[in-house]
Amino acid sequence: MPDTPKDDLCHVTILGTGSYLPEKVLTNADLEKMVETSDDWITSRTGIKERRIAAPGEATSDLGTKAALKAMEEADIGAEEIDLIICATISPDTFFPSTACYIQKNLGAKNAVCFDISAACAGFLYALQVARHFLNTGNRKTALIIGAEKLSVMVNWEDRNTCVLFGDGAGAAIVQSREKSDRKIIASVMGSDGNQTAILSVPGGGSACPITPANANEKLNTISMQGREVFKHAVNAMRDASMQALERAGLTAADVAMVIPHQANARIIEAITDRLGIPAERTFVNLHKYGNTSAAAVAIALDEANKSGAIKPGDIVLLVAFGAGLTWASTIIRW
Ligand code: COA
């Protein structure tokens, strides 16, 4: 559904960003000792050199809370000012309550309405868009959106096809409505395709296939992926979503100061930016440090781009993501 600047009743602006990465680093050399793989294979096929792994006692909400506190600090927003918390995650603390509710408790954000979004790697941009609509209607004023994942608990560490790709982490942003703001969301695109659920999923553990000792042995509660199919869909969906958002904003790729894409695979990112005509120096990449952190990836990258000065006030920033579902989304922000 089109979501043009004309839809906005107010300006929706990102006031602050934050991220948190667990301390433990798992390098490609470490993985060489766990499965039949090599640093050379992982680096050349994905660009990933290392990823972070959360501690056993560290839940997704703990990662999300730490990222949120940093975003609140930059935005200079207190916990009680937040009236909406949306956490995008596919690795929630529990089936219910939502991870957003655990984060609310950790922060003492007692005035917030809280819920999770399940849109896999597109989750943070889905959350941003849902928050934008809440703020736009005047229903809420200050939103905390979070992408947080502890994917290490749903990875089959004996499957070299998948275990080299994923990592843990969290990113967050404080989003607020303003009557007028130079820094604002300009345009967004969202899409889904439920015909492709089989190419990337965790098949077991839900109501369709409750986990039993037998299917746990077969690792049905871990990530299952048809890598080449996912690659193809990811490139097409992110290219199209980027072009549609630019069109809705009345901009072209030449106007984009920085594209911050989902951080899954350096070759996917290259394929998209080549097709868009955006050079490497205007593309933000940090996947070599963290691997694919699903819903957290764009949020962490946005925070690093913000804090490092890679994006500056007035820059046109294109965020674009793709994930299981299939789901995809893009957002254009004037920073
Ligand atoms: N180390 C060494 N060899 C590996 C390996 C690993 N970690 N993982 C797979 N291989 C092998 C395969 O077994 C296969 O061997 P074979 O030819 O003897 O059967 C060979 O490498 C090539 O596998 P293939 O799947 O064709 O490689 P690829 O070039 O497509 O790269 C991915 C695999 C997973 C890196 C790539 O498909 C990809 O990134 N897909 C998208 C994944 C993704 O982004 N998922 C999340 C989206 S949100």
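How each quantity is defined
- Per chain, the residues get numbers from 1 upward, laid out in the order the sequence is written.
- Where totals are concerned, whole chains, interfaces and linings use all residues; where local detail is concerned, this predicted model gives features only for residues with pLDDT of at least 70, and gives and counts side-chain atom pairs only at 80 or more.
- Remark: hydrogens and water are excluded; side-chain values derive from all non-hydrogen atoms of the structure.
- What counts as a ring pair is set by centres within 6.5 Å for rings of Phe, Tyr and Trp (its six-membered ring), and what kind of pair is set by the plane angle: stacked under 30 degrees, edge-to-face over 60, tilted for all other angles.
- Where helices and strands are cited, they refer to DSSP runs of H or I of at least four residues and of E of at least two residues respectively, numbered from the N terminus.
- Exposure is judged per residue with a 1.4 Å probe applied to protein chains only, and the accessible area is read against the type maximum: over 50% gives exposed, under 20% gives buried, and values in between give partly exposed.
- The criterion for a charge sitting over a ring is simple: Lys NZ or Arg CZ within 6 Å of the ring centre, and within 35 degrees of the ring normal.
- The criterion for strand pairing is that DSSP finds at least two bridges linking the strands in question.
- What counts as an axis is a line fitted to C-alpha atoms, over the stretch in contact for a helix, and the angles between N-to-C directions run from 0 to 180 degrees.
- Orientation is classified from the angle alone, with under 35 degrees giving roughly parallel, over 145 giving roughly antiparallel, 65 to 115 giving roughly perpendicular, and any other angle giving oblique.
- A clockwise turn of the near helix away from the far one marks a right-handed crossing, whereas an anticlockwise turn of less than a right angle marks a left-handed crossing.
- Whether two residues are in contact is decided by their heavy atoms, any of which lying within 4.5 Å being enough.
- Under this grouping Gly is polar, as are all residues other than the nonpolar Ala, Val, Leu, Ile, Met, Phe, Trp, Tyr, Cys and Pro and the charged Asp, Glu, Lys and Arg.
- A cutoff of 4 Å decides nearness: a residue is near a molecule or strand if any of its heavy atoms lies inside that distance of it.
- Contacts described as polar in this section are N or O atom pairs within 3.5 Å, which, within protein, must combine one atom able to donate a hydrogen with one able to accept it, while residues neighboring in sequence count only if both atoms come from side chains.
- A 1.4 Å probe and the Shrake-Rupley method give the accessible areas. Residues count as covered only by the protein chains that appear here.
- In what follows, salt bridge is the name for a side-chain nitrogen of Lys or Arg lying within 4 Å of a carboxyl oxygen of Asp or Glu.
- Residue ranges assigned to each domain were obtained from an automatic or database domain assignment.
- By definition, the buried area sums, over both parts, the 1.4 Å-probe accessible area that each loses when the two are put together.

Another aspect to go through is the packing of aromatic side chains. Counted according to the given criterion, the structure contains one aromatic pair. Between Phe115 and Phe134, the ring centres sit 6.1 Å apart and the planes meet at 40 degrees, which makes this aromatic pair tilted. Linking Phe115 in strand β5 (residues 113–117) with Phe134 in helix α5 (residues 123–136), this pair joins segments that are 19 residues apart in sequence. For Phe134, a relative accessible area of 25% translates into the label partly exposed. For Arg183, the ring lying beneath its charged end belongs to Trp335, and the centroid distance is 4.0 Å.

Another point: the sheet that holds strand β8 (residues 184–192). Read from one edge to the other, the open sheet built from four strands follows the order β8-β13-β12-β11, with strand pairing classed as mixed. Because the sheet does not close on itself, it has two edges, and the strands there are β8 and β11 (258–261). On average, each strand axis in the sheet is tilted by 10 degrees relative to the strand beside it, whichever way the strands run. Bridging between strand β12 (residues 316–323) and strand β13 (residues 327–334) involves eight bridges; their strand directions are antiparallel.

Let us now look at the packing of helix α3 (residues 60–75) against helix α4 (residues 99–107). The N-to-C vectors of α3 and α4 enclose an angle of 55 degrees; their axes lie 9 Å apart at closest approach. Classified by the angle between their axes, α3 and α4 sit oblique to one another. Pair α3 / α4 crosses with right-handed handedness. Packed against α3, whose contacting residues are Thr60, Ser61, Asp62, Gly64, Thr65, Ala68, Leu69 and Met72, the element α4 presents Thr99, Tyr102, Ile103, Asn106 and Leu107 at the interface. A per-class count over the contact of α3 with α4 returns six nonpolar, six polar and one charged.

Phe96 connects to Pro97 through a cis peptide bond whose omega is 0 degrees. Along the chain, the position of Pro97 falls in the loop between β4 (84–88) and α4. In this model, Gly325 is joined to Leu326 through a cis peptide bond whose omega is -5 degrees. Position of Leu326 among the secondary structure elements: in the loop between β12 and β13. Phi is positive for Lys219, close to 65 degrees, though the residue is something other than glycine.

Near the ligand, the surroundings consist of 22 residues, among which Thr37, Arg45, Arg160, Arg228 and Asn265 are the closest. Within the backbone of Arg160, a nitrogen or oxygen atom sits 2.9 Å from a nitrogen atom of the ligand. One of the backbone nitrogen or oxygen atoms of Gly227 is found 2.9 Å away from a nitrogen atom of the ligand. Computed on the free molecule, the ligand has an accessible area of 960 Å², of which 75% lies beneath the protein chains in the complex. Elements supplying a minimum of two residues to the shell around the ligand: α2 (39–46), α6 (160–163), α8 (227–249) and α9 (266–276).

Pairing between the strands of a sheet is mediated by backbone hydrogen bonds and can be parallel or antiparallel. If you trace the five strands from one edge of the open sheet to the other, you get β1-β7-β6-β4-β5, paired in mixed fashion. Two strands lie at the open edges of the sheet, namely β1 (11–20) and β5, each paired on one side alone. Looking at each pair of strands side by side, their axes are set apart by 20 degrees on average, direction ignored. Of the pairings in the sheet, the one linking β4 to strand β6 (residues 142–150) comprises five bridges and is parallel in character. Bridge pairing in β6 links Ile85 to Leu144. Across the sheet, α3 touches β1, β6 and β7 (168–178), and the angle it forms with β1 is around 125 degrees. On the sheet, α4 packs against β4, β5 and β6 and is oriented at approximately 140 degrees with respect to β5.

By the definition in use, this model includes six salt bridges. Close ionic contact of Arg239 with Asp240 constitutes a salt bridge, the shortest N to O distance being 2.9 Å. With its nearest N and O atoms 2.8 Å apart, the salt bridge here joins Lys307 to Asp303. Of the two residues, Lys307 and Asp303 are both situated in helix α11 (residues 297–308); the distance of four residues between them amounts to about one turn of the helix. Look at Asp303 and you get buried, because its relative accessible area is 5%.

A few words now on the domain arrangement of the chain. For the chain, the domain assignment lists domain 1 (11–181) and domain 2 (185–334). Relative placement of domain 1 and domain 2: their C-alpha centres are 14 Å apart. Every contact between the two is made by 49 residues of domain 1 and, on the other side, 49 residues of domain 2. A per-residue breakdown of the area domain 1 buries against domain 2 is headed by Cys121, Leu125 and Tyr126, which together make up 18% of the total. At the junction of domain 1 with domain 2, the criterion picks out zero salt bridges. On the surface where domain 1 and domain 2 come into contact, there are 24 residue pairs in polar contact (both at pLDDT 80 or more). Elements represented by at least two residues in the side of domain 1 that touches domain 2 include exactly β1, α2, β3 (50–53), α5, β6, α6 and β7. It is α5 that provides the largest number of residues to the side of domain 1 that touches domain 2, a total of seven residues.

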